[in-house]
Amino acid sequence: MRITCSGARSDWRAVDLTDPLFYAQGDPHAVWRAMRDEAPVHRHRLADGREYVSVTRYADVRTVVGDHQVFSSRRGNMLSVLGGHDPAADRMMVSSDPPIHTELRAPLMKHLSQQRMRELGPAIRAMARGLLAPLADGDTWDVAESVAMFPMMFTGLLMGLPERDWPELVRLTSTSVAPDDPAYGADGDSPLSAHHELFDYFVELAHTGDDDREDLVGAIRRMTPQGRRIRTDEVIYNCYNVLLGATVTAPHVIASTVLAFTEHPDVYARITPEADAVDLAVTEALRWSSPATHAMRYTNAATEIGGVPIGADEAVVAWLGSANRDRAVFDDPYRFDVTRRPNPHLAFGSGRHYCIGAPLARVALGEFFGEVVRIAEGFELAGEVRHLVSNFIAGFTSLPVRARLRPGAERELAAARAEGS
Ligand code: HEM
């Protein structure tokens, strides 16, 4: 999806925001900007009769994703399931409301805490270095392809998933969120078959080893929702939720940000390797890229948003990518500013469903960009950019760049490669 905004006035009424292809070829940021100005709460009717309400302003987006009393997650949080019933309702964290949601989430919180994730820093840094090692050759480096594996590496480690399974898991999770993209749907895989293959994988995992395994899968298997032993289907859904949450989002933050580095070398030059500077840059990278374009909810009862009446049981789509460019909250929102402060972006959502992997994602992105800044003086685009065909994930399938390395970096990268081989 285009991450910048062309600035052209957009005929937003002519656009179908459910169309995955629009995000690869069109300019959603221009559409969202026009909608924020002209129709911040807007009811869409699709040709097949289904309806949903779009909210595009920051304040409304935060209310919709954050107020679980009025806006329920039980019918799924993605536009792709609009009009259906989510079989994972009350069984998977992201598709449940409190109190069930709280019971599924609380036991995992301590396993994914800021403190625990910081301890993983050195291991994640080594992973980042391994992924950056090919830069030593001075050839074109496809950022999108190279970093697709990054979250799988650290989430695989946390979940205790064998390394031999990682490439297939990345392919399946990508297919299940972007089945229309030729890069993933090509093998005839539908999102349904990808879901089935992933579920079969987790069925096996739900029964492999014993319940006191020390990884995240063990923590899920030991949960006791409503005071009873967790069922296999609940183990599967929540393993799926954690894995998908990580693999389909984080790579696109890196790719979007490296693309911004190629477009704004002066901004890149402002990032120093100190932790605080990298941290601020990561926060802006998250706002800028907003990999999850939206979160959907269904109303529990009739309500109103910004004076627009909404009926009971209506689908409401909160556009996170739009909220993160709202000038009511962000000064000069289309400026990529690695020192932006304050930066209360909604890339991780808000409220009870606020991304449980946020501390992990922040540590991982911090380690990755820390390494990038240490080794590269700058980047330039070296080929055609391909955007992901998806209405849910803003990202890339190809981003070829060339890096100018800092003195001594080549030797370091070669050493990292030797270590990894
Ligand atoms: C940059 C990376 C990431 C982004 C942008 C992101 C984005 C989001 C967003 C927007 C939500 C809220 C969905 C909603 O309100 O319906 C969410 C929830 C979630 N994310 Fe992430 N995520 C990222 C990384 C991760 C990682 C690394 C993990 C794995 C540990 C993860 C696992 C989850 C899970 C399990 C939920 C559901 C939480 C709940 O319902 O309480 N995410 N994520």
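Procedures and definitions
- Residues numbered from 1 in each chain as written.
- Predicted model: local features only at pLDDT ≥ 70, side-chain atom pairs only at ≥ 80, totals over all residues.
- Heavy atoms only, no water.
- Donors = N, O, S within 2.8 Å, 3.2 Å for Na, K, Ca; no water.
- Helix = DSSP H or I, 4+ residues; strand = E, 2+ residues; numbered from the N terminus.
- Near = heavy atom within 4 Å.
- Polar contact = N/O pair within 3.5 Å; in protein donor to acceptor, adjacent residues only side chain to side chain.
- Nonpolar A, V, L, I, M, F, W, Y, C, P; charged D, E, K, R; others polar.
- Buried < 20%, exposed > 50% of the residue type's maximum accessible area, 1.4 Å probe, protein only.
- Contact = heavy atoms within 4.5 Å.
- Pairing = 2+ DSSP bridges.

Chemist: Explanation requested: the coordination of the iron atom of the ligand in the structure shown.
Modeler: Just one protein atom donates to the iron atom of the ligand; it is Cys355 (SG), sitting 2.3 Å from the metal. Within the fold, Cys355 resides in the loop between α17 (320–323) and α18 (358–375).

Chemist: How do you make sense of the site of the ligand when you look at a structure like this?
Modeler: For the ligand, the set of nearby residues contains 27 residues, the closest of which are His101, Arg105, Arg297, His353 and Cys355. One of the side-chain nitrogen or oxygen atoms of Asn77 is found 2.9 Å away from an oxygen atom of the ligand. A distance of 2.6 Å is found between an oxygen atom of the ligand and a side-chain nitrogen or oxygen belonging to His353. Counting only elements with at least two residues in the shell around the ligand, the list comes to α4 (100–109), α13 (232–247), α14 (250–263), β5 (294–299) and α18. Of all the elements, α13 adds the most residues to the shell around the ligand, at four residues. The residue inventory of the shell around the ligand, partitioned by class, reads 16 nonpolar, eight polar and three charged.

Chemist: Would you explain the side chain of His42 in this entry?
Modeler: Structurally, His42 can be placed in strand β1 (residues 41–45). Assessed through its relative accessible area of 18%, His42 is described here as buried. Aside from chain neighbours lying at most four places away, what touches His42 is Trp12, Arg13, Met35, Tyr52, Val53 and Ser54.

Chemist: So what exactly am I meant to see when it comes to the sheet that holds β5 here?
Modeler: What holds strands together in a sheet is hydrogen bonding between their backbones, with the strands either parallel or antiparallel. Strand order in the open sheet formed by five strands is β1-β2-β8-β5-β3, with mixed pairing between adjacent strands. Strands at the two margins of the open sheet, each flanked by one partner only, are β1 and β3 (71–72). Across five bridges, β5 lies against strand β8 (residues 315–319) in antiparallel orientation. Counterpart to Arg297 in the pairing with β8 is Val316.

Chemist: Would you explain the pairing of strand β2 (residues 51–55) in this entry?
Modeler: Consecutive side chains of a regular strand alternate in pointing toward one face of the sheet and then the other. With four of its five residues buried, β2 lies for the most part within the structure. Examined bridge by bridge, β1 and β2 share five bridges and lie antiparallel to one another. The residue bridging His44 from the neighbouring strand is Tyr52, located in β2. What sits between the antiparallel neighbours β1 and β2 is a turn of five residues, in which Gly49 has the positive phi angle 95°. The pairing of β2 with β8 spans three bridges and is classified as parallel. Pairing of Val53 across the sheet is with Val316, part of β8.

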